[in-house]
Amino acid sequence: GQQVMQIPQYQHVQEGEDFTTYCNSSTTLSNIQWYKQRPGGHPVFLIQLVKSGEVKKQKRLTFQFGEAKKNSSLHITATQTTDVGTYFCEGWNNDMRFGAGTRLTVKP
Amino acid sequence: NAGVTQTPKFQVLKTGQSMTLQCAQDMNHEYMSWYRQDPGMGLRLIHYSVGAGITDQGEVPNGYNVSRSTTEDFPLRLLSAAPSQTSVYFCASRRTGRNEKLFFGSGTQLSVL
């Protein structure tokens, strides 16, 4: 079945450094969603990518969908302490699967 | 709108006990689902429903039952709790089965002793 692999599992950065998490699928995805879960909270939707090669930005966050629609990335420029949490991707191809998440910690 | 309401927030069970986790949404969403979240495992789908009267199994359905008698409610039943079911459980809904974002409840921290 469809697998969505997400790396890295953990990332610890100094405030102001950049951060990137990657999701890779074994099959072509129809779309991919990204979510953020703050510590002790629940996942909250960030964005959806649908088109091949699509790039979307939300302030310091940049989301990309690969040309083959098998991979995606979330890049945060100049991290802040408010970026702390776990970032999940969710890929759709006949069924929906979440990546295992990347837990981001930020040292002030 | 309250969104997705999930109760209880915390629960401790003894092995063999049964219980029901409640989930309700007021957004008229067709699709509802239950996930469990374990460290390093991400969110794993337990059961889902694409509409009232329709349910189906996800990745990890064993030990859990669901029903969907109304559009709003999607309870998750643990038949005979086991320590392996210690986890954080999230209910989620979306308008349809695909191409829509998920709305999550606040979660239930379940411990089985």
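Placed above this text is the structure.
Residues numbered from 1 in each chain as written. Chains lettered and ligands numbered in written order. Predicted model: local features only at pLDDT ≥ 70, side-chain atom pairs only at ≥ 80, totals over all residues. Heavy atoms only, no water.

## Quick notes on the interface of chain B and chain A
Move 1: Every contact between the two is made by 19 residues of chain B and, on the other side, 19 residues of chain A.
Move 2: Of the roughly 1500 Å² buried between chain B and chain A on both sides combined, carbon and sulfur atoms contribute 56%.
Move 3: Three residues stand out in chain B for area buried against chain A, namely Leu43(B), Arg98(B) and Phe104(B), and they jointly supply 29% of the buried area on that side.
Move 4: Counting across the interface, chain B meets chain A through 2 salt bridges.
Move 5: In this structure, the salt-bridge partner of Arg97(A) is Glu59(B), at a minimum N-O distance of 3.9 Å.
Move 6: For the pair chain B and chain A, the number of links is 3 residue pairs in polar contact (both at pLDDT 80 or more).
Move 7: For the side of chain B that touches chain A, the elements supplying multiple residues, two or more each, are strand 4 (31-38), strand 5 (42-51) and strand 9 (87-94) of chain B. (Contact = heavy atoms within 4.5 Å. Buried area = accessible area lost by both parts, 1.4 Å probe. Salt bridge = Lys/Arg side-chain N within 4 Å of Asp/Glu carboxyl O. Polar contact = N/O pair within 3.5 Å; in protein donor to acceptor, adjacent residues only side chain to side chain. Helix = DSSP H or I, 4+ residues; strand = E, 2+ residues; numbered from the N terminus.)

## Some points on unusual backbone geometry
Working note: non-glycine residues mostly have negative phi, and peptide bonds are mostly trans.
Move 1: In this structure, Pro8(A) follows Ile7(A) across a cis peptide bond, with omega equal to -10°.
Move 2: With respect to the helices and strands, Pro8(A) occurs in the loop between strand 1 (4-7) and strand 2 (10-14).
Move 3: For the peptide bond that leads from Thr7(B) to Pro8(B), omega is -5°, which places it in the cis range.
Move 4: For Pro8(B), the location among the structural elements is in the loop between strand 1 (4-7) and strand 2 (10-13).
Move 5: Positive phi outside glycine occurs at Lys69(A), with the angle close to 60°.
Move 6: The residue Lys69(A) is located in the loop between strand 7 (61-65) and strand 8 (71-76) in this model.
Move 7: Even without being glycine, Asn28(B) reaches a positive phi, approximately 60°.
Move 8: With respect to the element layout, Asn28(B) can be found in the loop between strand 3 (19-25) and strand 4.
Move 9: Exposure remark for Asn28(B): the relative accessible area of 57% places this residue in the exposed category. (Buried < 20%, exposed > 50% of the residue type's maximum accessible area, 1.4 Å probe, protein only.)

## Quick notes on the pairing of strand 11 (residues 102-107) of chain A
Residues and elements named next belong to chain A.
Move 1: Here strand 11 shows a clear split, with Thr102, Leu104 and Val106 buried on one side and none of Arg103, Thr105 and Lys107 buried on the other.
Move 2: When strand 9 (residues 85-93) meets strand 11, the two strands line up antiparallel, connected through 3 bridges. Counted as the bridge partner of glycine 85 is leucine 104 from strand 11. (Pairing = 2+ DSSP bridges.)

## Quick word on the state of the cysteines
Move 1: All chains considered together, the criterion is met by 2 disulfides over all chains.
Move 2: Between the sulfur of Cys23(A) and that of Cys89(A) lies a disulfide, 1.8 Å long from S to S. As the torsion about the S-S bond is roughly -95°, the Cys23(A)-Cys89(A) disulfide counts as left-handed. Placement of Cys23(A) in strand 3 (residues 19-25) and of Cys89(A) in strand 9 is noted, with a sequence separation of 66 residues between them. Neither residue differs from the other here; Cys23(A) and Cys89(A) are each classed as buried.
Move 3: Put simply, Cys23(B) and Cys91(B) are joined by a disulfide, and their sulfur atoms are 1.8 Å apart. (Disulfide = S-S within 2.5 Å.)

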